[in-house]
Amino acid sequence: MKLLKYSLILVLILLMLVGCSTNTKEEIKNGINIYSSTTSLGGVNNNTDETVFSYTLNISNNNAFPYTINSVEPILSKEILDKLIDDNVVVEVNKPIESNGYIEVEGKIILDTKGMSKKEISKFTEQITEYKISMETVIDIRRKNLD
C-alpha cells in the first residue's frame, strides 16, 4: 500500500512538472526550468564534413524539495537523427539540484554536414529547442505542504 501511495505521489508531481515546462519563464512559479541556454556550432578537428552542436543549459529547481537530475537529452527531429555521427546524445548528469538551486549541464552532438552550407547548417540546428530531463526525488508523505 505504501508503494502505491509513493508511486501515485511521484506520478502526480511529474505530471505537474510536465505541465509547468510548457509555460514561459515569467509564468513558472514552481518546477524544474531551463532558465538560460547557450548553443554554438563549430568544426570537428578541421574536418569540414562534420559539425559539432554544443549546448549549455542552466537548470533551476523552483520547488520546495531537491531533485537528482539523472540525464539530459536534446529532442531531435528525424532529419537531425539521420545526420548524427554518434547517436549517443544523452548526457549523464547524476547531480543533485537543491530547492531554489541550479546546475549547469553541457552537451554536444556531432553531425555529418557534408555538402551543406553554413547557412543550411545553422538553420538545420535551430530546430533543437527541446530537452528531455530525467530526474528523481524522494518525497516524505508525512509533509503537509509539498510546495
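Scroll up to find the structure.
Values in this document were obtained by computation on a predicted structure and should not be read as measured data. All residue numbers here refer to positions counted from 1 along the written sequence of the relevant chain. Local features in this predicted model are restricted to residues of pLDDT 70 or higher, and side-chain atom pairs are both shown and tallied only at a pLDDT of 80 or more, whereas totals for entire chains, interfaces and linings draw on every residue. Excluded from the side-chain calculation are hydrogens and water; included are all heavy atoms of the structure.

**Topic: the overall build of the protein chain**
Alright, step 1. Put simply, DSSP H or I for four residues or longer makes a helix, DSSP E for two residues or longer makes a strand, and each gets a number counted from the N terminus. Along the protein chain, the regular secondary structure elements total three helices and six strands.
Alright, step 2. Along the protein chain, from the amino end to the carboxyl end, the secondary structure elements read α-β-β-β-α-β-β-α-β.
Alright, step 3. Buried positions account for 32% of the 147 residues belonging to the protein chain.
Alright, step 4. Note on contacts: a residue pair qualifies if any of its non-hydrogen atoms lie within 4.5 Å across the two residues. Put simply, 72% of the contacts in the protein chain that link residues at least 6 apart link residues at least 24 apart.
Alright, step 5. For the area figures, the Shrake-Rupley method with a 1.4 Å probe applies, and any residue is considered shielded solely by the protein chains shown. Of the roughly 9,900 Å² that the protein chain leaves accessible, carbon and sulfur atoms contribute 52%. Buried residues are those whose accessible area, probed at 1.4 Å on protein chains only, stays under 20% of the maximum for their type, while exposed residues exceed 50% and partly exposed ones sit between those limits.

**A look at the sheet that holds strand 4 (residues 91–97)**
Alright, step 1. Pairing between strands is defined by DSSP: at least two bridges between the two strands are required. With antiparallel pairing, three strands are arranged side by side in an open sheet as 4-3-6. Strands with a single pairing partner mark the edges of an open sheet, and in this sheet they are strand 4 and strand 6 (131–136). Across this sheet, the average inter-strand angle for adjacent strands is 25°, counted without regard to direction.
Alright, step 2. As paired elements, strand 3 (residues 67–74) and strand 4 share five bridges and run antiparallel to each other. The partner of I69 across the bridge, within strand 4, is K95. In this analysis an axis means a line fitted to C-alpha atoms, helices contributing only their contacting stretch, and an angle means the value between N-to-C directions, from 0 to 180 degrees.

**Details of the packing of aromatic side chains**
Alright, step 1. Aromatic rings from Phe, Tyr and Trp, with only the six-membered ring used for Trp, were paired whenever their centres fell within 6.5 Å, and each pair was classed as stacked if the ring planes differed by under 30 degrees, edge-to-face if by over 60, and tilted otherwise. What the rule picks out here adds up to four aromatic pairs.
Alright, step 2. Look at Y55 and Y131: their rings are 5.1 Å apart centre to centre, the planes differ by 50°, and that puts the pair in the tilted class. One end of the pair, Y55, is in strand 2 (residues 47–61); the other, Y131, is in strand 6, with 76 residues separating them in the sequence.
Alright, step 3. Here F65 and Y67 contribute two aromatic rings whose centre-to-centre distance is 5.5 Å and whose plane-to-plane angle is 45°, an arrangement assigned as tilted. Here F65 and Y67 have matching classes, each one buried.

**Focus: the environment of V89**
Alright, step 1. Within the secondary structure, V89 is located in the loop between helix 2 (78–83) and strand 4.
Alright, step 2. Not counting residues within four places of it along the chain, the set of residues in contact with V89 comprises Y55, V72, E73, P74, L76, L84 and I109.

**Thoughts on the environment of L57**
Alright, step 1. By secondary structure assignment, the location of L57 is in strand 2.
Alright, step 2. Residues L57 and T39, spaced 18 residues apart in sequence, show a C-alpha to C-alpha distance of 8.8 Å.
Alright, step 3. Beyond its immediate sequence surroundings of up to four residues, L57 is in contact with I34, S36, S37, V72, I103, E104, V105 and Y131.

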